[in-house]
Amino acid sequence: MSRHWKRLLALAIGTLVLAVFGTSVVEAAAPPTLESLSAQTTQLQLSIDTTWVLIAGFLVFFMQTGFALLEAGLVRQSAVVNTLLENFIDAAVTILAWWAVGFAIAFGTDAGGLGLIGSDNFFLSEAITFTAPSGQSTTNQFIFNSIPTTYGMGAGGSSVGINTLTLFFFQFAFAATASTITTGAMAERTDFLGDLIYTTFMGAFSYPIIVHWVWNNGGWLAKMGYHDFAGSSVVHTVGGVTAIVGAYLLGPRANRGPWGQPPLPCNLSLATLGAMILWFGWYGFNPGSTLSTGNTGLMALVTVNTTLAAGAGAISTLLYVYIRTGKWHLFCTLNGSLAGLVAITAGCAFVAPWAAVLIGLTAGILVIVVVDLIESAKIDDPVGAFGVHGSCGMMGTLAIGFLGQPQLTLNQKGGLLLGGGLDLLFTQLIGLLAIILFTGAFSFILFGLLKSLGHLRVHPKADKIGIDVFEHGATAWPDVYPIKKLE
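Cut-off values and rules
- Residues numbered from 1 in each chain as written.
- Predicted model: local features only at pLDDT ≥ 70, side-chain atom pairs only at ≥ 80, totals over all residues.
- Heavy atoms only, no water.
- Axes fitted to C-alpha atoms, helices over the stretch in contact; angles between N-to-C directions.
- Helix = DSSP H or I, 4+ residues; strand = E, 2+ residues; numbered from the N terminus.
- Parallel < 35°, antiparallel > 145°, perpendicular 65-115°, else oblique.
- Left-handed = near helix turned anticlockwise from the far one by under 90°.
- Contact = heavy atoms within 4.5 Å.
- Nonpolar A, V, L, I, M, F, W, Y, C, P; charged D, E, K, R; others polar.
- pLDDT = per-residue confidence, 0-100.
- Patch = residues over 30% accessible without salt bridge, like charges linked within 9 Å, V, L, I, M, F, W, Y side chains within 5 Å.
- Areas by Shrake-Rupley, 256 points an atom, 1.4 Å probe, with all protein chains shown as cover.
- Salt bridge = Lys/Arg side-chain N within 4 Å of Asp/Glu carboxyl O.
- Buried < 20%, exposed > 50% of the residue type's maximum accessible area, 1.4 Å probe, protein only.

Caption draft 1: Highlighting the packing of helix H5 (residues 192-215) against helix H13 (residues 423-452). Look at H5 against H13: their axes get within 11 Å of each other, and the N-to-C directions meet at 160°. Taken together, the axes of H5 and H13 are roughly antiparallel relative to one another. The handedness of the crossing between H5 and H13 comes out as right-handed. Mapping the contact onto sequence places Gly194, Ile197, Tyr198, Phe201, Phe205, Ser206, Ile209, Ile210, Trp213 and Val214 in H5 and Ala434, Ile435, Phe438, Thr439, Phe442, Leu446, Phe447 and Leu450 in H13. Taken together, the residues of the contact of H5 with H13 break down into 15 nonpolar, three polar and no charged.

Caption draft 2: Structural view of the confidence of the model for the protein chain. Within the protein chain, residue pLDDT values average 89, and 88% of them lie at 70 or more. Overall, residues 23-27 carries pLDDT values under 50, and its contacts beyond four positions in sequence, including any with other chains, amount to zero contacts. Ignoring residues within four places in sequence, the model shows residues 153-160, a span with pLDDT below 50, making 19 contacts including any to other chains.

Caption draft 3: Fine view of a nonpolar patch on the surface. Side chains of Ile315, Leu319, Tyr322, Ile323 and Trp328 sit close together on the surface and give an oily, nonpolar patch of about 560 Å² of accessible area. By the element assignment, isoleucine 315 lies in helix H9 (residues 296-325).

Caption draft 4: Representation of unusual backbone geometry in the model. Of note, the phi angle at phenylalanine 123 is positive, near 55°, even though the residue is not glycine. Topologically, phenylalanine 123 is positioned in the loop between helix H3 (80-107) and strand E1 (128-131). Despite not being glycine, leucine 291 has its phi angle at roughly 60°, a positive value. If you trace the backbone, leucine 291 turns up in the loop between helix H8 (268-285) and H9. Taking relative accessible area as the criterion, leucine 291 reaches 5% and is therefore assigned buried.

Caption draft 5: Summary view of the environment of leucine 264. Tracing the sequence through the fold places leucine 264 in the loop between helix H7 (232-250) and H8. The exposure class assigned to leucine 264 is exposed, which follows from its relative accessible area of 71%. Sequence-wise, leucine 264 and valine 75 are 189 residues apart; in three dimensions their C-alpha atoms are separated by 7.8 Å.

Listed below in structure tokens is the structure:
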């Protein structure tokens, strides 16, 4: 066949292919509509937001490791195993309590419009809807539902909402943090069964109720315009108040020495590593509370404010203690950085960077003053939990009322020192007092009942042989604190 005829044949075949498939090719290349582009953009934003919140939740959960190492390094050798197990099992207990009851109380539909407690979604019963497509009764489709919340939606947050399961996990990590704070103040002398009981009640009731008040659209404090972006009051004040009540009712550790001279930490290396992990984990705690990547400026502001406050807290504590003692004190400096982190957690999205520095500097000094006051009141708090989480959580919450930037706050009202008057400060004060009173009363009742049942303080024999040996038959320091010498 000549070259001419070959070209004609190839042209004919090409024409036939275009005739058969050309229409579908053109249709496939049709430009997308505005509606389809909008739907794709929304789905992409939701996917990114969900990934962001889950990763932030992983960071917050990793803070359990930080708390475990910090507390294990600050207690005595005879209580390290007990401290590690309490921090570990707190997460296991809390996830079940949070799943069964806590999440529903926190983020469920408000009961009676009173703003006090949630009333549905127990056991995550409404997190997933199963629907059968028309004509396919045996094939199920999943619909992952979402919950309206004020949480993380302030200061220009995105309106795209993450699904219920994502919020459940993220907030579980917060709930576990609240109970873990308490273990530090009650270390070395709490009955282990008592620890399991109070952790369950915190995860199921006391923490979720406060969450409902503040972070649920129907909560009474949310309606008032109360500001707590990531939990200075909701998480840290609740944990700190519960901790100090427990420490007070427990009484001091056995053989702890004279007041004003608490026992020395057993391992500052562990404590330092724990504090550094907590600082790292806080980048899930605060920036993650945006619940969205839609406002990149807000994410950056929260991150910068968090870091500035942590650094300022560490520096002010370091210098304050040096002026008092002439020594550069590691333990105090660690607590100073944590104090700055706790204090900025409420206002990290509502204040300017200069205000974050001021909040951190104040927290670094406040934590030492309060730790000294607690010691002088003869309440034994081995790790300074109330000084760090309780007092600095309260201060950071009130600081919004003084330093809140009007362009950033939920209601566009500034703090007292920025010309906003007393409105915001008054709201913060009312909300904080309510949280303290409820948490304090709940804790006194809970710990009082445990004490009357003989499950608050460990058996007196543990004071003689050590809680690790008595409760667990183990020791973390066999060369220093061997079991066979204590039997």
